[in-house]
Amino acid sequence: MMRQAGRYMAVYRKLAEKYPSFRERSETTDLIVEISLQPWNAFRPDGVIIFSDILTPLPAFGVEFDIEDVRGPVIQSPIRSEEGLKALHPIDLEKLSFVGDSLKILRREVGGDAAVLGFVGAPWTIATYIVEGGTTRTYTTIKSMCHTAPHLLRTLLSHLAQAIADYVVFQVESGAHCIQIFDSWGGQLPPDMWERWSKPYIKEIVDLVKKRCPETPIVLYINGNGGLLERMKDTGVDVIGLDWTVDMADGRRRLGSGIGVQGNVDPAYLFSPLPALAEEIQRVVRCAGPRRHILNLGHGVLVGTPEEAVAHFFEVARSLKFDTLFQNKSAEDPRLVA
C-alpha cells in the first residue's frame, strides 16, 4: 500500500515527536528500518517499502534541499541556467549508505515472507523540484523552460536519468526485490509533452537497469495517468500503476493482459464503512483480471486514515479466493493462473 508507513499510524506519530526532522527520520538507518517495519508488524502486507523520499538522493549529485513544515521541500539553489548545471556531478552512492544499509537489514528482517520494495522519482518529477525550487501548483517555470531553454532542460533531465538509474541499481544490489518509479507530476504535462519531456528519460532508466538487473521488476506510477496509459506501456516497465481516477476495467482493456497492473482502490474508501471497502477491493480485483495484478491503492494512504481500515484492507485481500473470483474465466481458459 503506497505510503503504508506514515502519519496515519500512532506508532509513527509517537516516533516523529521524538525525531521531528523528516530528513533525520528518512536518513538514519535505525529509524528507516523501524518505520519501514511498522506497517509490516501491524498488518503483514506482501511488500515492505523502504521509508524514504524521492528527493533523498539529490545531495548525492549536487542538489541541496531542506524540508520545511509549511512549504515542504525547498531547493536551496534552483537550477535555471547553464551556470546552475555546474553544481551537478555523478551520484556519490557512499552518501546514500543509509539507504543501502536499511535495505540489507529489511531483507534480513522479513526473510522470505515479503518483497522489499525500493523507489525513485522520475527525471521530470525530480526536475520540477530542482527548477521550481520546491513544490508548485502551476509548473510554469519548468514548462516554459521546455520552450525557452530546451537544451538546458534536456541536459538536466539526462543527468538525472543517469543518476537515478545508478541509484536504482544500488537499491537492487542492496536488497530491493522490486523498484517503483514515481513520475508524480508527469500527469501535469499534456500527453504529447510527456512523450517528449518525460518518457524518453524514464525509458533510459529502464533500459539501463534492465541491462544490469534484468530480473528486477519495475513499476511505473503517474498521478493522473488516465491520458497516458498506452504511452506508459512503451517505456518497457513491467507493471503500470493506475491511479484511482482510472476505471480498472478500462485500464486493463487499454493496456492488455501482457503487462502487469497495480492499484487502484481510492484511498478515500479507507474512510468508508468496512463492508463498502471490502466490496470495492473485490470489484477492483475482478476488473483487473486473473493475471498480473498487484492490489494497491490508487494513491498514497491519506493522513487521518483509520488504522482499522488499513488492517481490513489487508485482511480482505488475504481472504480473496482465486477460484471464486475468476471461476468462469478459469473455465474458459485453463492456462490462467493467479
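It should be emphasised that the depicted structure is a prediction, and the values quoted were computed from it without experimental measurement.

Visitor: Can you lay out the pairing of strand 8 (residues 260-265) for me, pointing to particular residues and giving the numbers?
Guide: Judged by how many residues are buried, strand 8 sits mostly within the fold: 6 of 6 residues are covered. As for the winding sense of the linkage, the β-α-β connection from strand 7 (residues 239-241) through helix 12 (residues 248-255) to strand 8 is right-handed. A crossover connection joins strand 8 to the parallel strand 9 (residues 293-297) through helix 13 (residues 274-288); in handedness this β-α-β unit is right-handed.

Visitor: Describe the pattern of salt bridges, naming the residues involved and giving the relevant values.
Guide: Under the criterion given, the structure shown has 15 salt bridges. A salt bridge links K210 to D238, with the shortest nitrogen-to-oxygen separation between them at 2.6 Å. Of this pair, K210 sits in helix 10 (residues 199-212) while D238 sits in the loop between helix 11 (229-233) and strand 7; the two residues are 28 residues apart in sequence, bridging distant segments of the chain. Given a relative accessible area of 22%, K210 falls into the partly exposed group. Taking the relative accessible area as the measure of exposure, D238 reaches 29% and is therefore partly exposed. Two residues, E230 and R254, come together in a salt bridge whose shortest N-O distance is 2.8 Å. Of this pair, E230 sits in helix 11 while R254 sits in helix 12, and the two are 24 residues apart along the sequence. With a relative accessible area of 37%, E230 lands in the partly exposed category.

Visitor: Just give me the short version of unusual backbone geometry, but keep the residues and values in it.
Guide: The residue after G263, namely N264, is reached through a cis peptide bond having omega -15°. Here N264 lies in strand 8. A positive phi angle, close to 55°, is found at R44, a residue other than glycine. By the element assignment, R44 lies in the loop between helix 3 (29-43) and strand 1 (47-49). You can call R44 partly exposed: its relative accessible area is 43%. The backbone phi angle of Y139 is positive, close to 60°, even though this residue is not glycine. Examined against the element boundaries, Y139 turns out to sit in the loop between helix 6 (123-132) and helix 7 (140-148). The exposure class assigned to Y139 is buried, which follows from its relative accessible area of 4%.

Visitor: If you had to explain the pairing of strand 6 (residues 218-221) to someone new, which residues and values would you point to?
Guide: On strand 6, burial covers both faces: I218 and L220 on one face and V219 and Y221 on the other are all buried. Pairing analysis gives 4 bridges linking strand 5 (residues 178-182) to strand 6, with the strands arranged parallel. By the bridge assignment for strand 6, F182 is matched with Y221. Both strand 6 and strand 7 contribute to a ladder of 3 bridges, which runs parallel.

Visitor: I'd like to hear about the packing of helix 6 against helix 7, residue by residue, with values.
Guide: It is at 8 Å that the axes of helix 6 and helix 7 come closest, and there the two elements cross at 105°. With respect to helix 7, the element helix 6 is oriented roughly perpendicular. Where helix 6 approaches helix 7, its residues W124, A127, T128, V131 and E132 are matched on the opposing element by T140, T141, I142, M145 and C146. Taken together, the residues that form the contact of helix 6 with helix 7 break down as 6 nonpolar, 3 polar and 1 charged.

Conventions and cut-offs
- The written sequence of each chain sets the order in which its residues are numbered from 1.
- Confidence filtering applies because this is a predicted model: local features only for residues at pLDDT of at least 70, side-chain atom pairs given and counted only at 80 or more, and all residues used for totals across whole chains, interfaces and linings.
- The basis for the side-chain values is all heavy atoms of the structure; hydrogens and waters are excluded.
- Note on exposure labels: buried denotes an accessible area under 20% of the residue type's maximum, exposed denotes more than 50%, and partly exposed covers the range between, all computed with a 1.4 Å probe on protein chains only.
- We count a stretch as a helix when DSSP gives it H or I for four or more residues in a row; a strand needs E for two or more, and each element gets its number in order from the N terminus.
- Call a crossover right-handed when, viewed with both strands pointing away from you, the route from the first strand across the helix to the second goes clockwise.
- Salt bridges are identified by distance alone: a Lys or Arg side-chain nitrogen within 4 Å of an Asp or Glu carboxyl oxygen.
- Pairs of strands are assigned from DSSP output, requiring at least two bridges between the strands.
- Axis lines are fitted through C-alpha atoms, for helices just across the contact stretch, and the angle between N-to-C directions can take any value from 0 to 180 degrees.
- These descriptions rest on fixed angle ranges, namely under 35 degrees for roughly parallel, over 145 for roughly antiparallel, 65 to 115 for roughly perpendicular, and the rest for oblique.
- Contact criterion: two residues are considered in contact whenever any of their non-hydrogen atoms come within 4.5 Å of each other.
- Throughout this entry, Asp, Glu, Lys and Arg are counted as charged residues, while Ala, Val, Leu, Ile, Met, Phe, Trp, Tyr, Cys and Pro are counted as nonpolar. The remaining residues, Gly among them, count as polar.

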